[in-house]
Amino acid sequence: MANGVFSRNIGRRTVIKGAVAAGVVQFASPFIHTARAADIVKIGLNDPLTGTYAELGKNEQIGCELAVEQINAKGGILGRKVELLVEDSTSADTGTAVQKGRKLIERDNVDFLLGNVNSAMAIALGQVSNELKRLHIVTGGHTDSVTGSDCHWNVFRVCNTTRMETNSVAKTLFTKYGKRWYFITPDYAFGHTLQQGFEASLKAFGGTEVGADLSPLGATDYSSYLIKAQAANPDVIIFLHAGQDMINALKQAVQFGLDKRFHIAGAQQELEVLNALSPNARIGTWVFEWYWKQPNVPHVAEFVAEIKKRTGGKVPTARHWFGYASTWTCALIANQEKSLDAVKLAKALEGFKLPPEVALMPNEPFYRAGDHQLMPSLYVGHAVESGSEPEDLFHVDEVVKGTDVALPVSETGCHMVAPS
Amino acid sequence: MTQLILYNLFNGLIIGAFYALMALGLSLILNLSGVINFAHGGFLAIGGYLAYTLMPHIGFWGALALAPVLTAALGLMVERILIRRLYGRDPLYSLLLTFGLAFMFEDGTRYLWGPATVPFAIPDWLSTPLSSDFFFLTGYRMFMVVLAFVAVLALFLLLNRTRLGIRIRAGTLDLETVSVLGVNVRILRNLNFGLGIYLAGLAGVLAAGMLGLQPTIGSALIMPSFVAIIIGGLGSLPGTLMGGLLIGAASGVVTVFFPSASEAVIYVMMGLVLLVRPRGLLGEEGRF
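Remember, it's a predicted structure, so these values are computed and weren't measured experimentally.

What counts as what
- Residues numbered from 1 in each chain as written.
- Chains lettered and ligands numbered in written order.
- Predicted model: local features only at pLDDT ≥ 70, side-chain atom pairs only at ≥ 80, totals over all residues.
- Helix = DSSP H or I, 4+ residues; strand = E, 2+ residues; numbered from the N terminus.
- Rg over C-alpha atoms; globule rule 2.2 N^0.38 Å.
- Buried ≥ 20, exposed ≤ 12 C-beta atoms within 10 Å, placed from the backbone.
- Contact = placed C-beta atoms within 7 Å.
- Pairing = 2+ DSSP bridges.
- Axes fitted to C-alpha atoms, helices over the stretch in contact; angles between N-to-C directions.
- Nonpolar A, V, L, I, M, F, W, Y, C, P; charged D, E, K, R; others polar.
- Domains from an automatic or database assignment.

1. Remarks on the overall build of chain B
Here's step 1: For chain B, the helix and strand inventory stands at ten helices and zero strands.
Here's step 2: For chain B, the succession of helices and strands along the chain, N to C, is α-α-α-α-α-α-α-α-α-α.
Here's step 3: Against the 2.2 N^0.38 benchmark of 19 Å for 288 residues, chain B shows a C-alpha radius of gyration of 19 Å, consistent with a compact globule.
Here's step 4: Projected onto the principal axes, the alpha-carbon positions of chain B cover approximately 60 × 50 × 35 Å.
Here's step 5: Burial statistics for chain B: of 288 residues in total, 56% are counted as buried.
Here's step 6: Nonlocal contacts in chain B, meaning residues at least 24 apart in sequence, comprise 73% of its contacts between residues at least 6 apart.

Right, here's the structure in full:
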């Protein structure tokens, strides 16, 4: 046997280098094929397809794909065929997201940019699209500043601001469940602005914040946070996480029996999360941004049926709707204005109302002129162990109008600079 | 306040026991074969998903018993077909191989079971707290600690009392001499790899009961395991065990004072250990 078989010159340094590389695994991502053609209108989607937000990004993509198919069936944009180009932004590496956003605009020459789920990426991509003068619709990044202090003339947003989400549910929590709140907040833009929103409401109502802890994004163990929260003896423990973090936190809270001693609540909740929890962990008071069961709203049933065909029978979530509504917005406004000029389209989108077959919700959602924020309806309610159907996991108690819960434009911090 | 610190210290030890379970598997493979197994997290995820698939048919306990064994069988195959070929070469080769495997496992689980987190239910009587004061002592977590300790104890007995174990330990010290003495080193390494992967599979099933089961569950847990090995000292299994418990406890106590640093603290500890005592707490001088 060759002597080399036994050579084991592996060292501490190698192990450490390796450990660094292991960290990198989480940020690397697959390459996604793109195509180019001159007579095609291109819509670029920049969203996470790997990591914590992979599922949310993927669902937005499915919504976009359905919209593109429908748009093409109805004659495309300006009579030209529409094509969707998708890039994986990763879930946590903003540098990659920006680089891929630039690639979509500069190399693939997309006419519209959509994305991103991650708030920090949405802000960064907004800067890129603004610099390169492309119409950009933020699909699912919620932090306030996207349509606040970081607003741009070319950037619009379909999903709600975090402040709209907290405002819609805060009153219910305060009057029904108590005035002493404890926050467990993920340590990044989305979590911070949600907490600020709740704090503003709590102050206005005269309640007490008994504690607040920041947990790192992507944390797996929440037990130490839960121990601290219960020691403070609040009325309501508020979880402000998203995706996998929310799943891990709720799962552990229920195993600790905290749901039997405190009211569990938060702002944004998603069907993806409730689906992933075992029935006993589907608890708490939350806000949904869109819900698939709206028997009295026209066109919702057709949308649900179409999405189910693409997901192997799973109902659409808010994420599918974000992708769907964003993509349709591009087509509707371009066909209305008979142009692809970003400046012209951005102007026309101010005050633009989504037609019922795209809105899929009550109260005629529209893009507000001052900050480019969509004013949709919000669904305040509670999670249920099981509903009338397997995926009916949320009970809507109240539908709130976006215009009633959004800050007035003057308070958003948005100072729109006209295109030069 | 003291109570809060004690609670978190104790709770941290529980989490630490879990890190140690995963790190021990990594450490076993590293010590004997010199392979830094990046795919360990991938094996962990596969263990969890296999249990998820088996559970409707053979129940939680059946899945807990069978899934790690199946994962280990996969590990034996991977070692036999791929990793074995790279033993004689620079460690960088096996590092790159397992690095690639980690991607393949993650995307493979995503392809087979979907990107969505799946609900993994544990028996009801395990998921309730044992007492309302010590609510963090749920049946499941106690069970995890007990199982981690049983696994560690069994591992140490195996290594110290059985022929296989003694050969593994001897091989760790001087593989060439062990080979000259007539031990089949190929089989030894193969079994040792399988044993390490068995621990990964077991950790996977346990993790699925505590966290959401999704394709990236492994990559989220592998970093603390590496840190546990480096702090404990390369080449020392008791060191790895100690490293795991230490980072669990540290992360728990830091949450009391500075919660947003609860994850960063383990890397700070690793940095300190490398500066002050580069071989790690129980690592042998000069070996690595």
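2. Details of the sheet that holds strand β4 (residues 135-138) of chain A
All names here are of chain A.
Here's step 1: Ordered in space as β2-β1-β3-β4-β5, the five strands form an open sheet in which the pairing is parallel. Every other strand in the sheet has two partners, leaving β2 (81-88) and β5 (155-157) as the edge strands with one partner each. The average angle at which neighbouring strand axes cross in this sheet is 20°, direction not considered.
Here's step 2: Relative to β5, β4 runs parallel, the two being bridged by three bridges. Within β5, the position partnered with I137 by the bridge is F156.

3. Focus on the interface of chain B and chain A
Here's step 1: With 53 residues of chain B at the contact, the number on the chain A side is 53 residues.
Here's step 2: Those elements that provide at least two residues to the side of chain B that touches chain A are α1 (2-33), α3 (91-113), α6 (175-180), α8 (217-232) and α9 (237-257) of chain B.
Here's step 3: Per-element accounting of the side of chain B that touches chain A gives the leading share, seven residues, to α8 of chain B.
Here's step 4: The class makeup of the residues in the side of chain B that touches chain A is 33 nonpolar, 18 polar and two charged.

4. Section: the domain arrangement of chain A
Residue and element names in this part refer to chain A.
Here's step 1: Split into domains, chain A comes out as domain 1 (40-160 + 296-375) and domain 2 (163-288 + 380-405).
Here's step 2: Taken over C-alpha atoms, the centre of domain 1 sits 27 Å from the centre of domain 2.
Here's step 3: Mapped by element, the contributors of at least two residues to the side of domain 1 that touches domain 2 are α2 (54-73) and α4 (119-131).
Here's step 4: Here the side of domain 1 that touches domain 2 is composed, by residue class, of nine nonpolar, seven polar and three charged.

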